[in-house]
Amino acid sequence: MMTNGVVHANVFGIKDWVTPYKIAVLVLLNEMGRTGEGAVSLMERRRLNQLLLPLLQGPDITLSKLYKLIEESCPQLANSVQIRIKLMAEGELKDMEQFFDDLSDSFSGTEPEVHKTSVVGLFLRHMILAYSKLSFSQVFKLYTALQQYFQNGEKKTVEDADMDLASREESERKMEKEELDVSVREEEVSCSGPLSQKQAEFFLSQQASLLKNDETKALTPASLQKELNNLLKFNPDFAEAHYLSYLNNLRVQDVFSSTHSLLHYFDRLILTGAESKSNGEEGYGRSLRYAALNLAALHCRFGHYQQAELALQEAIRIAQESNDHVCLQHCLSWLYVLGQKRSDSYVLLEHSVKKAVHFGLPRAFAGKTANKLMDALKDSDLLHWKHSLSELIDISIAQKTAIWRLYGRSTMALQQAQLLLSMNSLESVNAGVQQNNTESFAVALGHLAELHAEQGCFAAASEVLKHLKERFPPNSQHAQLWMLCDQKIQFDRAMNDGKYHLADSIVTGITALNSIEGVYRKAIVLQAQNQMSEAHKLLQKLLIHCQKIRNTEMVISVLLSVAELYWRSSSPTIALPVLLQALALSKEYRLQHLASETVLNLAFAQLILGIPEQALSLLHMAIEPILADGAVLDKGRAMFLVAKCQVASAASYEPLKKAAVLEAAIENLSEAKNYFAKVDCKEQIRDVVYFQARLYHTLGKTQERNRCAMLFRQLHQDLPFHGVPLINLL
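- Within an unreviewed UniProt entry, the label attached to the protein reads Anaphase-promoting complex subunit 5, and the organism entered is Lipotes vexillifer.
- Under the UniProt heading Subunit (unreviewed entry), the note attached to the protein is "The mammalian APC/C is composed at least of 14 distinct subunits ANAPC1, ANAPC2, CDC27/APC3, ANAPC4, ANAPC5, CDC16/APC6, ANAPC7, CDC23/APC8, ANAPC10, ANAPC11, CDC26/APC12, ANAPC13, ANAPC15 and ANAPC16 that assemble into a complex of at least 19 chains with a combined molecular mass of around 1.2 MDa; APC/C interacts with FZR1 and FBXO5."

Right, dumping it as structure tokens:
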């Protein structure tokens, strides 16, 4: 069978074959050799040399696109190539025959134009050999295809000229150019016949690299799958094409097709003997265990945790039989992921941790302290930097960002995120490809957006999210990371602004991305709307579930919300044991942020119980880490609570000392109001100005009291009233 002048083969038995596009490239090479050094400038020669490699390795492109690329490098040579191809296409078959006969002259002489072992020399020799093997009928069909290729190119050139004449305004020209570039990119592959082995390998490696580093520049899922199906049509045993099809189907969350492609990849890998050649007799078993491991990762990604666990057990069994420590380490990491998803997987995880100690592998979960954890990461980083493993370096820095944020060290988390974003990649990337569109960068940018939002820099957070949306489009595989960050920031802003109905609508989006986070946020909304019984039921269910799956961070957050429910229901004594339990967990896992928040709640409970002096001494212990690394809202709450404790403890003071304490409380209230204003927390500002008005009235400052009272009245009219705790107690 023959298409576009090319003989189709079921396998890549032929390294290369002649196509009309390759004849055009041969004409370009011939013209470059015939053109003297003085006719082409050094800069043009350099641009042409840079252009040659993608032309030789890449898929066939249209003639008009080829003319355009040559013209951008050397306009004079583009005209010569166009004339030469026109004479050949409008001439006779003997002109093409004579052209191939003359190609051999490039290697003749004492100083040949092309060396036989160079990239260009090997390409010329492959083309001459492939042409010489064609029968007469195949040569005639090739010439007919060349004529059709030339005619299509001429039509495209005329259409482009008419388009340029019609587009007068600069903005319109830019828009049409972008549309033209997109259509040409689709034609680059679709216009070609079957790819040679080298072209297919280059195409697959290029698309795989784009999917990894810059998914926006890769072919669309439909176009890429079309080309992969075309490749597999002529070579069904091409294993790499099946694996790229697996990656492509993951982009669109097609579980059936991705599983089908993954299984076909490992089947073909075993059938072709590729693994056996590279790994000896071990190759067959290695394919089997990594097939099971990849299948487990695939099921875990789509939420099929039971199937993932079965596949992972199979991978562990085969890896243990082969004594493959590397595969076991990969299995251990996926066991940890499954442990977060399924409660009953922790038994298997703890058993594997003991086995990891026996095999000398890094332990995934052993309750290490913060300094030991950072030391372990430092040791692994030394190996990553020593061997220039840039992807693992990025993952390690992203992990440190998340760990520092988990520990409540926002400054260190911000530093690590900035370090990752400012790093120069150690991998070489093709021109025009934006490097590091990986999960690590999505995680780092997400943390960066949330850190800015916590400090009240919502404009900066919006810019980061805007960049995330451009770098990771909604249909990309890492888009859910920034979607969750965006939803959480919107939720916090709605809650701060008192718009509980808006926050309730955002909960639906959060739940779709993270069910546990969504349930927790729903309970917060119910609590803010004074639906205490519904919130308590939801929090109790969530607490049991999080304790079952050992989500310690969420357990502490739920305990704090339950304690808040108790003291808002005038039961502070019941809240104390809950807060002490949360404090113990925070200290055990060294979660500074949650520990500080727990101390604030404990101090508040002591204030309600009528012991403000102890509450104030407790606050002095927690205020420093909050002001150093806490969110702006937490800083405002801390200063607000300090002022409340000062006022409550000053009730028994002498008049002069009491006045001084009240003045200090007013200053703390002003500082708290500034913090609340940064995050636009109107309800808290209303409470602050109310207390300020009361204090100014006590001190006899009428003008300041009236100003605060007027501001309170404005805010009170704008905001819904759900009850302000502790106003009457102070």
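Once the structure has been displayed, the description carries forward.
Observations concerning the environment of Leu 421
Here's step 1: Along the polypeptide, Leu 421 turns up in helix H20 (residues 410-422).
Here's step 2: As a C-alpha pair, Leu 421 and Ile 397 span 24 residues in sequence and 9.9 Å in three-dimensional space.
Here's step 3: In this structure, Leu 421 is in contact with Phe 441, Leu 445 and Leu 448, ignoring residues within four places of it in sequence.

Details of the pattern of salt bridges
Here's step 1: Scanning the entire structure with this criterion turns up 21 salt bridges.
Here's step 2: Put simply, Lys 499 and Asp 497 hold a salt bridge, and the shortest N to O gap is 3.3 Å.
Here's step 3: Under the relative-accessibility criterion, Lys 499 is labelled partly exposed at 38%.
Here's step 4: In this structure Asp 497 comes out as buried when scored by relative accessible area, which is 12%.

Quick word on a negative patch on the surface
Here's step 1: On the surface, a cluster of negative charge is made up of Asp 101, Asp 102, Asp 105 and Glu 113.
Here's step 2: Locating Asp 101 in the fold gives a position in helix H5 (residues 93-103).
Here's step 3: Among the residues examined, Asp 101 registers a relative accessible area of 48% and is labelled partly exposed.

Brief notes about unusual backbone geometry
Here's step 1: In this structure, Ser 570 takes a positive phi of about 65° despite not being glycine.
Here's step 2: Positionally, Ser 570 belongs in the loop between helix H27 (552-568) and helix H28 (572-588).
Here's step 3: Of note, Asp 680 is a non-glycine position whose phi angle comes to about 55°, a positive value.
Here's step 4: Within the secondary structure, Asp 680 sits in the loop between helix H32 (655-678) and helix H33 (682-699).
Here's step 5: On the basis of relative accessibility, which here comes to 35%, the residue Asp 680 falls in the partly exposed class.

What counts as what
- Residues numbered from 1 in each chain as written.
- Predicted model: local features only at pLDDT ≥ 70, side-chain atom pairs only at ≥ 80, totals over all residues.
- Heavy atoms only, no water.
- UniProt positions renumbered as here; feature names shortened; annotations may be inferred.
- Helix = DSSP H or I, 4+ residues; strand = E, 2+ residues; numbered from the N terminus.
- Contact = heavy atoms within 4.5 Å.
- Salt bridge = Lys/Arg side-chain N within 4 Å of Asp/Glu carboxyl O.
- Buried < 20%, exposed > 50% of the residue type's maximum accessible area, 1.4 Å probe, protein only.
- Patch = residues over 30% accessible without salt bridge, like charges linked within 9 Å, V, L, I, M, F, W, Y side chains within 5 Å.
- Areas by Shrake-Rupley, 256 points an atom, 1.4 Å probe, with all protein chains shown as cover.
- Lys, Arg positive; Asp, Glu negative; His and termini not counted.
- Charge placed at Lys NZ, Arg CZ, Asp CG, Glu CD.

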